[in-house]
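The primary structure of each chain is shown beneath.
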Amino acid sequence: METPMETPPKGAPPEGPTPGRPPLPRSPVPPRPVPPGHLPQSRLPRFTAAAVQASPVYLDPAATVDKAVALIAEAAGNGAELVVFPEVFVPGYPYWNWTMNPVQGSPWFERLQRASVDVPGPYVDALRAAARQYGVVLVIGVNERAAHSLGVLYNTLLTIGSDGALLGVHRKLVPTWAEKLTWTGGDGSSLRVHPTSVGPLGALACGENTNTLARFTLLAQGELVHASCYIALPVAPADYDMAEAIAVRTAAHSFEGKVFSVVSCSTVSPEIVDLLAGDDEELRALFRRPRSALSGIFGPDGRPVTEPLVDDEGIVYGEIDLGRCIQPKQMHDITGHYNRFDVFRLEVDNRPRLPVTFTAPPEGPRITTPEEDV
């Protein structure tokens, strides 16, 4: 559904020229650039969002994609038009970076590399087909293999439209702490807001939601719906409450930007514990640490629109009405009247970064004729 905006409020001046006066001359000033995620303000959708909190079938991309498709079908069956999955849901998070030294973890990196996803590729095609079949906008995290190097993996968020179009491939800009042993950072080319059937949608992975400039970059492109994708982190320092950290960051972005946030976090299954901890009882206890995951939906006032889910697997549903973003922005619009662009300036380098560039197209092998070979 959409919030109607066409009827002017009572007492508003009539549109068009005033009777008895000539129309105003056409302005010579060119129109202002339209942000990438621009939504015509006559269209402010109302819809149901779903935040999935689940574990992958660890290091098994085919089975994990099958599980994702089943969860998409379940969410769509309950009326969801936007479904958000955790960070690197396919095929899982490299917890060994936190519990092993680099030499011990290297064979696990190889397992992850072999189980990772090509973009584009068959697993992405399966997710696109599911989004199209069930008519949902989909955000899901994957481990993405680089085409140019066996040593490069990206922590990637895919944004897929309800028609199955692959709208965005965002690679996490900076892997967090121990994650640098696995992932290569992305570039600014994917910091984009996408026009979708549920409104202007942006997405960031886990700790990126702490990056004020990355978040502002999305807000300044007209973001009204934000997907925050996390992993359960029971291996964090003892004084770090992951569930609280997720809630604080999600509430902050929603309140500062006056937007809705859909936050999805993974869980740690018993199979993951068995595989990575084995008979180490101390490590098994660490993986079972409570308050390691939180998923939910937050409104433009920074409050949850429904009770978040902590630790357990499930799907959180919430109603989003983008019309609720209007009045809060009258008070604090940090990408508009509540900022000083004559004082502050943010410049984003959104050029794709490649390992090599050529000043001219590389030439292929020269093909000679039999006469030239003589």
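Here's a quick rundown of the structure. Worth saying up front: this structure is predicted, and the values here are computed from it rather than measured.

### What to know about the side chain of T156
Mapped onto the secondary structure, T156 falls in strand β5 (residues 153–160). Judged by relative accessible area, which is 0%, T156 ranks as buried. A polar side-chain atom of T156 sits 2.7 Å from a polar atom in the side chain of E144. The residues touching T156, leaving out its near neighbours within four places in the chain, are I140, G141, V142, E144, V169, H170 and R171.

### Things to note about the pattern of salt bridges
Enumeration over the complete set of coordinates arrives at 17 salt bridges. For the salt bridge of D241 with R291, the shortest nitrogen-to-oxygen distance reads 2.8 Å. Here the residue D241 occupies a position in the loop between β9 (225–230) and α6 (242–257), and R291 occupies one in the loop between α8 (281–287) and β11 (294–298), the gap between them amounting to 50 residues. The class for D241 is partly exposed, based on a relative accessible area of 25%. In this structure, D342 engages R340 in a salt bridge whose closest nitrogen and oxygen atoms are separated by 2.7 Å. The exposure class assigned to D342 is exposed, which follows from its relative accessible area of 60%. Judged by its relative accessible area of 47%, R340 is partly exposed. In the salt-bridge network here, residues are joined through shared partners; they are E87, K172 and E179.

### Some details on the layout of surface pockets
Of the voids in this model, the second largest pocket is the one considered here, and its volume is about 490 Å³. In this structure, the second largest pocket is lined by 21 residues; those nearest its centre are E144, Y154, R171, R353 and L354. Partitioned by chemical class, the residues of the lining of the second largest pocket number 9 nonpolar, 6 polar and 6 charged.

### So, empty space enclosed by the protein
Applying the stated rule across the entire model yields 1 cavity of 30 Å³ or more. Estimated volume of the largest cavity: approximately 60 Å³. Here the lining of the largest cavity is composed, by residue class, of 8 nonpolar, 3 polar and 1 charged.

### Description of the sheet that holds β11
With respect to topology, 6 strands assemble into an open sheet ordered β7-β8-β9-β10-β11-β12, the strand pairing being mixed. Only two strands of the sheet have a single partner each, and these edge strands are β7 (194–196) and β12 (309–310). Contacting β8 (199–205) and β9, helix α5 (residues 212–219) runs over the sheet at an angle of about 165 degrees to β8.

### Digging into the side chain of R284
Residue position: R284 is located in helix α8. Looking at R284, the relative accessible area reads 17%, which means it is buried. Excluding residues that lie within four positions of it along the chain, R284 makes contacts with V273, D274, A277 and G278.

### What about the packing of helix α1 (residues 61–77) against helix α4 (residues 122–134)?
Where α1 contacts α4, the axes come no closer than 10 Å and their chain directions differ by 10 degrees. Between α1 and α4, the angle falls in the class roughly parallel. On α4, the residues that touch P61, A62, V65, A68, V69, I72, A73 and A76 of α1 are Y123, A126, L127, A130 and Y134. Split into classes, the residues belonging to the contact of α1 with α4 amount to 13 nonpolar, no polar and no charged.

### Considerations on the pairing of strand β3 (residues 80–84)
β3 sits mainly inside the fold: 4 of its 5 residues count as buried. With 4 bridges joining them, strand β2 (residues 44–53) and β3 adopt parallel strand pairing. Pairing of T48 across the sheet is with A80, part of β3. Pairing geometry for β3 and strand β4 (residues 137–145), over 3 bridges, is parallel. The residue of β4 that forms the bridge with V83 is L138.

### Some words on the packing of aromatic side chains
Applying the stated criterion across every chain, the model contains 6 aromatic pairs. Look at F85 and F89: their rings are 5.3 Å apart centre to centre, the planes differ by 50 degrees, and that puts the pair in the tilted class. Under the relative-accessibility criterion, F89 is labelled buried at 1%. By the ring-pair criterion, three or more aromatic residues cluster together here, those being Y93, Y95, W183 and F287. Above the face of the F255 ring, K258 is positioned so that its terminal group lies 3.5 Å from the ring centre.

Parameters and conventions
Residues numbered from 1 in each chain as written. Predicted model: local features only at pLDDT ≥ 70, side-chain atom pairs only at ≥ 80, totals over all residues. Heavy atoms only, no water. Helix = DSSP H or I, 4+ residues; strand = E, 2+ residues; numbered from the N terminus. Buried < 20%, exposed > 50% of the residue type's maximum accessible area, 1.4 Å probe, protein only. Polar contact = N/O pair within 3.5 Å; in protein donor to acceptor, adjacent residues only side chain to side chain. Contact = heavy atoms within 4.5 Å. Salt bridge = Lys/Arg side-chain N within 4 Å of Asp/Glu carboxyl O. 1 Å grid on protein atoms, 1.4 Å probe; cavity = no way out; pocket = protein on both sides within 12 Å on 5 of 7 lines; lining within 4 Å. Points joined across faces, edges and corners; volume = space filled by probe spheres on them. Nonpolar A, V, L, I, M, F, W, Y, C, P; charged D, E, K, R; others polar. Pairing = 2+ DSSP bridges. Axes fitted to C-alpha atoms, helices over the stretch in contact; angles between N-to-C directions. Parallel < 35°, antiparallel > 145°, perpendicular 65-115°, else oblique. Phe/Tyr/Trp six-rings, centres within 6.5 Å; stacked < 30°, edge-to-face > 60°. Lys NZ or Arg CZ within 6 Å of the ring centre and 35° of its normal.

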